[in-house]
Amino acid sequence: MEAIIALLVVLGTLTACAGETVMDVKGALPMAAAPQAITYTAETKTYSDTIVDEDGTPLVSYSYDVPVLTAWRADGTAVEEARTPAEETALAAVETFNSRYEAWTEEERIEELVGYARQDRAWRTESGQEWNETSAYTENLTCTIYQTEHLVSVSASYDSYTGGAHPNQMLLAWNFDLSTGDFFSVETLASDSQAFSKAVGEEIVRQAETRAAEEGVDAGTMLWSDYREIAADWSSYAVSFHEDGMTVGYSPYEIACYAAGAQVYHLDYEQLLPMLSDHGKNVLELESQE
C-alpha cells in the first residue's frame, strides 16, 4: 500500500511539472531566441542639383550616385539600432562602408565648388568672355555595384568640368568584405599575393601590347613609355569585380595621354581562380567553379 501511495505521489509531481511547462508561461525557463541572419543590400542614392547665380545663370550642376549599404534582419526590418552583438557588428560594417562616401555630399564641398565657379565667371566677365549654361561647372559620379554574399564591389566614373579645354574623367573603385566589415586590397584574396600581382601585371601588358599591335603601333607609342611599370602597379588603380571577372581601369593620363581615353583591362574568373586562396574564393563565390 505504501508503495502504491509513493508511486501516485511521483506521478502527481510529474503531471504538475508537465502542466507548468505547457500552461504556466511565467514559471517556465525562457527559451534562447534563434539568432537572426543579417543580410546586406548595397544600392546607390542620387544627389543632384543645379545652383544658379543671383541673375539665374547656372554656376554649378552636379549629380552624385552615392553607394549606400543597409543591414537587414530576417524579418525584413532594417537594422538601425543594435539589439544583439551580431547587429552591433553589422552596424559597424555599415558605418565603415557609408562613411567612405560622405564627402561627396558634404555642403562644404558644394559651397567650395560654387565659390570657384563664381570667381571664374567674374574673371571671364572682366576679360570680356561670355559665361552661359555650357560654361557652368559640372560634376558627375556614376557608380555600378556588384554584390555577392560576402562582397560589395563598386566601380565608378567621376567626370568633371571646371573650365579649361575639356572635361576630366577619373575611374574609381572600392572593394568591401562584408564578412570582416572592411575595405580590402585585392591582393589579399590570393594564396600568394606577390605571384598574383605579378601575373595580373603581365596579363595587362599582354593585353595592352595586343591592342597596340591591332592598331599597327608600338605599345610604347600608344601608351606612356613606362607602361610596363605602371601595369606592374595595377592594384593602385581602379580595380573592381563584376559577374564575369575582374577589371583594372586606368583614367586618362594614368597610362596614356588624354586623347587615348581611359584604358580598361579585364581578367575572367577562370584566369583568377588558380591564384586565389580559400578566403578569396569564398569572397568571390567561386567554389562551385572548381
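The structure this text deals with has already been given above.
Residues numbered from 1 in each chain as written. Predicted model: local features only at pLDDT ≥ 70, side-chain atom pairs only at ≥ 80, totals over all residues. Heavy atoms only, no water.

## Observations concerning the pattern of salt bridges
Here the structure, examined in full by the defined rule, presents nine salt bridges. Here R109 and E139 are joined by a salt bridge, their closest N and O atoms 3.0 Å apart. Within this pair, whereas R109 is found in helix α3 (residues 107-126), its partner E139 is found in strand β3 (residues 137-147), the two being separated by 30 residues in sequence. Classification of R109 as partly exposed rests on a relative accessible area of 24%. Looking at E139, the relative accessible area reads 7%, which means it is buried. The salt bridge partner of E209 is R228, with a shortest N-O separation of 3.1 Å. Here E209 is found in helix α4 (residues 193-215), whereas its partner R228 is found in helix α6 (residues 227-232), with 19 residues between them in sequence. Judged by relative accessible area, R228 falls into the partly exposed class, the value being 48%. (Salt bridge = Lys/Arg side-chain N within 4 Å of Asp/Glu carboxyl O. Helix = DSSP H or I, 4+ residues; strand = E, 2+ residues; numbered from the N terminus. Buried < 20%, exposed > 50% of the residue type's maximum accessible area, 1.4 Å probe, protein only.)

## Digging into the sheet that holds β3
Reading across from one edge, β1-β2-β3-β4-β5-β6 is the order of the six strands in this open sheet, with mixed pairing throughout. Each having just a single partner strand, β1 (39-52) and β6 (182-183) make up the two edges of the open sheet. Relative to strand β2 (residues 58-72), α3 is tilted by about 165°, and along the sheet it contacts β1, β2, β3 and β4 (151-161). (Pairing = 2+ DSSP bridges. Contact = heavy atoms within 4.5 Å. Axes fitted to C-alpha atoms, helices over the stretch in contact; angles between N-to-C directions.)

## Observations regarding the layout of surface pockets
To find the voids left in a structure, one rolls a probe of water-molecule size over its atoms. Of the voids in this model, the largest pocket is the one considered here, and its volume is about 310 Å³. Residue lining of the largest pocket: 17 residues in total, with I38, Y40, E149, L178 and S179 positioned closest to the centre. Elements that contribute at least two residues to the lining of the largest pocket include exactly β1 and α2 (85-99). For the lining of the largest pocket, the element with the most residues is α2, which contributes six residues. Residue composition of the lining of the largest pocket, grouped by class: seven nonpolar, nine polar and one charged. (1 Å grid on protein atoms, 1.4 Å probe; cavity = no way out; pocket = protein on both sides within 12 Å on 5 of 7 lines; lining within 4 Å. Points joined across faces, edges and corners; volume = space filled by probe spheres on them. Nonpolar A, V, L, I, M, F, W, Y, C, P; charged D, E, K, R; others polar.)

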